[in-house]
Amino acid sequence: MKIAKFFLGCAVLSALAVTGCSTTVNSVENAQKSGQRYPVADKRVVTDSSLNSKVYIVGLNSATTPGGLLKVQVELENHTGSTQRFLYQFEWFDANGMQINNIVSAAIPEQIYGGENKFIYSVSPNTNCKDFRVKFIEAD
Amino acid sequence: MKTKILYPLGLAALTAIFAGCATNAHYVQTGDKEQVVSLGQINIQDYANAASDAVKDLLASGALDKVPNPPALLEISRIINNTSQQIDMDLLTKKISIALLQSGKAVTKIVDPMAANYHKEIQPDGTTKTTRLPDFTLSGKIIETVDRAGDTRRTTYSFQLSLNDPRQEVQVWEGEKEIGKQGTRSSVGF
């Protein structure tokens, strides 16, 4: 009897703890879009399937700024009911595949609420940049 | 007899545990997973984060492209420090000026006094050449806000930057990045 009470207590406490951590997002948007996204075909390398299953990459789209720079936007979706923290980092490459590094390639800490869709973006360091890669690292 | 055996074993186990927890000095990258997050202080990765956001936003706005003779001439003006800590503002402004120079969208005005003197000396008639006015100046402010609830402390640093057109006397771009940290003590990780 005592053991049953103990396990029941543990279950209630665990439920409370999980409820306390979860923050999910409800959203609403216009159904008929007037803007048009230009999706980019992507190639994914997943070494951390845990992060990939939690913070899912929905897709990429790109545009060119008035000054001719490449602007890339990544849509992410949190497939869990709790807030997820991660680092992301954009890397940029010129026409010869050489990496161009500066402060726009800094690792940026980000968080996303449960069920939330979020966009992250970056702009190429200069007009010679043709390609890019985005890295994601889960927080401990 | 049992105590005689267990005591050294326990001591050895404790030593092993503490040795495992100790971290030897090693090189780290700015903004990596092991970054120190200080509650009452701007960390090195915060400057990188704020500068990165400002550069992305400024380049995407196209404000620097609207000059008659590109690239735009930029002068870094005063960034006011309204925080409780002493800040070397180059930790922020240098990152921005490097990125803008690399973008080809702007060049920054000489701040080196030796280079400025050399510029004066090379004038053939000895007169001071009319200096080219900057197309833009970059000014701003860093503000610290502290909130407390019990032991929990939240510090927010607001990095506010403005790109000013001195000829038109208008601000052509403004950006703000807020970096908030909350907790009871500083930690490693993010």
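For the structure, see preceding data.
Residues numbered from 1 in each chain as written. Chains lettered and ligands numbered in written order. Predicted model: local features only at pLDDT ≥ 70, side-chain atom pairs only at ≥ 80, totals over all residues. Heavy atoms only, no water.

(A) Here's a closer look at the overall build of chain A. Assigned secondary structure in chain A consists of two helices and seven strands. Mapped from its N terminus to its C terminus, chain A presents α and β elements in the order α-α-β-β-β-β-β-β-β. At a minimum sequence separation of 6, the contacts of chain A that also span at least 24 residues come to 65%. As displayed, chain A offers around 8900 Å² of accessible surface, 55% of which is attributable to carbon and sulfur atoms. (Helix = DSSP H or I, 4+ residues; strand = E, 2+ residues; numbered from the N terminus. Contact = heavy atoms within 4.5 Å. Areas by Shrake-Rupley, 256 points an atom, 1.4 Å probe, with all protein chains shown as cover.)

(B) Focus on the overall build of chain B. In terms of regular secondary structure, chain B is built from four helices and seven strands. Ordered by position from the N terminus, the helices and strands of chain B form the series α-β-α-β-α-β-α-β-β-β-β. Counting every position in chain B, which comprises 190 residues, the buried fraction comes to 36%. In chain B, once contacts between residues fewer than 6 apart in sequence are set aside, the share between residues at least 24 apart is 71%. (Buried < 20%, exposed > 50% of the residue type's maximum accessible area, 1.4 Å probe, protein only.)

(C) Here's a closer look at empty space enclosed by the protein. Residue and element names in this part refer to chain B. If you walk through the whole model with that rule in mind, you get one cavity of 30 Å³ or more. The space that makes up the largest cavity amounts to roughly 70 Å³. Every residue lining the largest cavity is listed: A50, D53, A54, D57, F159, L161, W173, G175, E176 and K177. At the level of elements, α2 (44-61), β5 (152-165) and β6 (170-183) are the ones that each hand at least two residues to the lining of the largest cavity. (1 Å grid on protein atoms, 1.4 Å probe; cavity = no way out; pocket = protein on both sides within 12 Å on 5 of 7 lines; lining within 4 Å. Points joined across faces, edges and corners; volume = space filled by probe spheres on them.)

(D) Structural context of the layout of surface pockets. Here the largest pocket defines a volume of roughly 1100 Å³. Going through the elements one at a time, β3 (84-94), β5 (108-112) and β6 (117-123) of chain A together with α2, β6 and β7 (187-188) of chain B are the ones with two or more residues in the lining of the largest pocket. The dominant element in the lining of the largest pocket, judged by the number of residues it contributes, is β6(B), at seven residues. Partitioned by chemical class, the residues of the lining of the largest pocket number 13 nonpolar, twelve polar and 14 charged. Considered as a void within the structure, the second largest pocket measures approximately 800 Å³ in volume. (Nonpolar A, V, L, I, M, F, W, Y, C, P; charged D, E, K, R; others polar.)

(E) Spatial organisation of the pairing of strand β4 (residues 136-149) of chain B. All names here are of chain B. Both strand β2 (residues 72-82) and β4 contribute to a ladder of seven bridges, which runs parallel. Bridging from a neighbouring strand, L74 pairs with F136 of β4. Judged from the 13 bridges that link them, β4 and β5 form a sheet pairing that is antiparallel. Considered in β5, the bridge of K141 is made with Q160. (Pairing = 2+ DSSP bridges.)

(F) Molecular detail of the pairing of strand β2 (residues 70-78) of chain A. Residue and element names in this part refer to chain A. Across nine bridges, the pairing between strand β1 (residues 55-64) and β2 is antiparallel. Among the inter-strand pairings, N61 is bridged to a residue of β2, identified as Q73. What sits between the antiparallel neighbours β1 and β2 is a turn of five residues, in which G68 has the positive phi angle 85 degrees. Looking at chain direction, β2 and β6 are connected through seven bridges and run antiparallel.

(G) Focus on the sheet that holds β2(A). Spatially, three strands are ordered β1-β2-β6 (chain A) in an open sheet, and the strand pairing comes out antiparallel. Whereas interior strands pair on both sides, the edge strands pair on one side only; in this sheet they are β1 and β6 of chain A. Strand-to-strand twist across the sheet, computed as the mean angle between neighbouring axes with direction ignored, equals 20 degrees. Where α2(B) meets the sheet, its contacts fall on β2 and β6 of chain A, and the angle it forms with β6(A) comes to roughly 75 degrees. (Axes fitted to C-alpha atoms, helices over the stretch in contact; angles between N-to-C directions.)

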